Amino acid sequence: MKRNLSQPEILPTHTAALFEQAVVRSAELLRAGELVALPTETVYGLAANAFDAAAVEKIFRAKGRPGHNPIIVHVASLEMARRCASIWPDLAGKLARAFWPGPLTLVLPRSPQIPDAVTAGGATVGIRWPSHPFIQAVIRACDFPLAAPSANPSNEISPTNARHVQKSLGNRVALVVDGGQSQVGIESTVVDLTVNPPRLLRPGMIHAESLLAVTGQLAQGPGGSEAVLRSPGLLKKHYSPKAKLLILSWCDEADLEAQIAKLAAQNLIFKSQNLELSRVHVIAHTQIPLTEKLGRISVIPHDAEAFARAIYAELHQCDDAGAELIVVEELPNTGPWRAVRDRLERAAAE
Ligand code: TXA
Ligand code: MG
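Computed from a predicted structure; not experimentally measured. (Residues numbered from 1 in each chain as written. Chains lettered and ligands numbered in written order. Predicted model: local features only at pLDDT ≥ 70, side-chain atom pairs only at ≥ 80, totals over all residues. Heavy atoms only, no water.)

Attention shifts here to unusual backbone geometry. Cis rather than trans, the peptide bond between Trp100 and Pro101 has omega equal to -10 degrees. Here Pro101 lies in the loop between helix 4 (90–99) and strand 5 (104–109). In this chain, Asn196 is followed by Pro197 through a cis amide linkage whose omega measures 0 degrees. Relative to the assigned elements, Pro197 resides in the loop between strand 9 (189–192) and strand 10 (199–202). In this structure, Asp143 is a non-glycine residue whose phi angle is positive, near 60 degrees. Here Asp143 is to be found in the loop between helix 6 (133–142) and strand 7 (146–147). (Helix = DSSP H or I, 4+ residues; strand = E, 2+ residues; numbered from the N terminus.)

Here you go:
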């Protein structure tokens, strides 16, 4: 990875004039083949001109991203989406009408205009029309689609505010635009429309139940190792904080402390058996432990949307505070919670 030790430009967007200035500057840099970190409603993206292979290559270098992981292309109109795909099935039109602009990525056969760098040499391309007004305005100003993965080093937690980007990629990007806290908070739902029936590759806050109402049929899960290779977001371990993460349920603080002590004694948590409860941070939604012994206790409302919006920022904070172990209270196993459960299970995987 090449390091550019200069600090990035940071531009705010909280007044109409600042928003406009940031759009103009972003478009200028993107036209010149530079990388810009931009807000979207899901997570912040690290954007480059999707038609410029050399610019897209810079994304892989900045993130330390393996070359076999394809990048989502962001558009700001149906017409632009159709230009990125060689075939536009009826189902794409129906899903776009139902959920775009929004947190849904459609995988379709690629158009020849999309360079290999974007698709990782594959025959398909992921396309999304995001709802965040800032990235929409930039795409319209550029008049080309933007290739943008989440703006974090490969395999780390996605950023949901500008500070998260600055912290991890600040020296590898020309400009970070501050568009506030991401509304959705976890990455888009990814659906493969090149197979029959369509397949849900990555769950997100557009839930399987909502997709099914439009598609009629929907296969779920990776569906074989070939798909995992084509979509590495499906790998078991992904989206991880630096601290070890465990998902537990407990009835009260004594029970929680006993469970941690037992795991520590089995050497399952800490490198040594030296239990330091102050380096254990807890993220709870229902059973809030009332104890001073644990390092930090955060409470996220028991609501799937609120949880999705807050969880990555909480994980970033635990890492920043030097947590050794993050314990997250088990989430319900029902439709609305499936996407956040998916991310936490990957974060917890060894
Ligand atoms: O919400 C999002 O999707 C955010 C924002 C920035 O739009 N982007 C994002 O990108 O999460 P990234 O690269 O971090 O995750 C994209 C996921 C990866 O798991 C990738 O493998 C999969 O989508 N993907 C992209 N193109 C694909 C394709 N043609 N076929 C299968 N999977 C694809
Ligand atoms: Mg990512």
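There is more to say, and it comes next.
Of all hydrophobic cores here, the largest spans 68 residues; its most connected members are Leu38, Trp100, Leu104, Ile127, Leu146 and Leu211. In terms of residue count, helix 6 provides more of this core than any other element does, six residues in total. Look past the residues within four positions of Leu38 in its chain and what remains in contact with it is Ser26, Tyr44, Gly45, Ala47, Phe134, Ile135, Val138, Leu146 and Val177. (Core = buried A, V, L, I, M, F, W, Y, C linked by side-chain atoms within 4.5 Å. Buried < 20%, exposed > 50% of the residue type's maximum accessible area, 1.4 Å probe, protein only. Contact = heavy atoms within 4.5 Å.)

On to the sheet that holds strand 15 (residues 325–329), then. Spatially, the four strands line up as an open sheet ordered 12-15-13-14, and their pairing is parallel. Of all strands in the sheet, those bounded by a partner on one side alone are strand 12 (244–248) and strand 14 (296–299). Taking the axes of each pair of neighbouring strands and ignoring which way they run, one obtains an average angle of 20 degrees across the sheet. Judged from the four bridges that link them, strand 13 (residues 280–284) and strand 14 form a sheet pairing that is parallel. Across the sheet, the residue bridging to Ala284 is Val299, located in strand 14. Across the face of the sheet, helix 10 (residues 253–265) comes into contact with strand 12, strand 13 and strand 15 while running at roughly 130 degrees to strand 12. Against the sheet, helix 12 (residues 338–348) makes contact with strand 12 and strand 15, and its axis sits at roughly 130 degrees relative to strand 12, the strand it touches most. (Pairing = 2+ DSSP bridges. Axes fitted to C-alpha atoms, helices over the stretch in contact; angles between N-to-C directions.)

To continue, consider helix 10. Between its first and last C-alpha, helix 10 extends 18 Å over 13 residues, near the 18 Å set by a 1.5 Å rise per residue. Where the residues of helix 10 are buried, they touch strand 12, strand 13 and strand 15. Structurally, the start of helix 10 carries an N-cap: the backbone nitrogen of Ala254 is 3.3 Å from a side-chain oxygen of Asp252. (Expected span 1.5 Å × (residues − 1). Polar contact = N/O pair within 3.5 Å; in protein donor to acceptor, adjacent residues only side chain to side chain.)

The next subject is the pairing of strand 5. Of all six residues in strand 5, six are buried, a share of seventy percent or more. Relative to strand 9, strand 5 is paired through four bridges, and the arrangement is parallel. From the neighbouring strand, Thr105 faces strand 9, where its bridge partner is Val190.

As a further point, take the domain arrangement of the protein chain. Taken domain by domain, the protein chain comprises domain 1 (9–220) and domain 2 (244–348). One C-alpha centre belongs to domain 1, the other to domain 2; they are set 30 Å apart. Every contact between the two is made by 22 residues of domain 1 and, on the other side, 18 residues of domain 2. Where domain 1 abuts domain 2, roughly 1600 Å² becomes buried across the two surfaces, and 55% of that area is made up of carbon and sulfur atoms. Among the residues domain 1 hides against domain 2, the three largest losses belong to Ile157, Ile186 and Met205. Together they make up 33% of the total. If you look at where domain 1 meets domain 2, you find four salt bridges. In this structure, the salt-bridge partner of Arg343 is Glu187, at a minimum N-O distance of 2.7 Å. In this assembly, domain 1 and domain 2 are joined by nine residue pairs in polar contact (both at pLDDT 80 or more). If you tally residues by element for the side of domain 1 that touches domain 2, the top one is helix 7 (residues 162–169), at three residues. The residue makeup of the side of domain 1 that touches domain 2, split by class, is seven nonpolar, 10 polar and five charged. (Domains from an automatic or database assignment. Buried area = accessible area lost by both parts, 1.4 Å probe. Salt bridge = Lys/Arg side-chain N within 4 Å of Asp/Glu carboxyl O. Nonpolar A, V, L, I, M, F, W, Y, C, P; charged D, E, K, R; others polar.)

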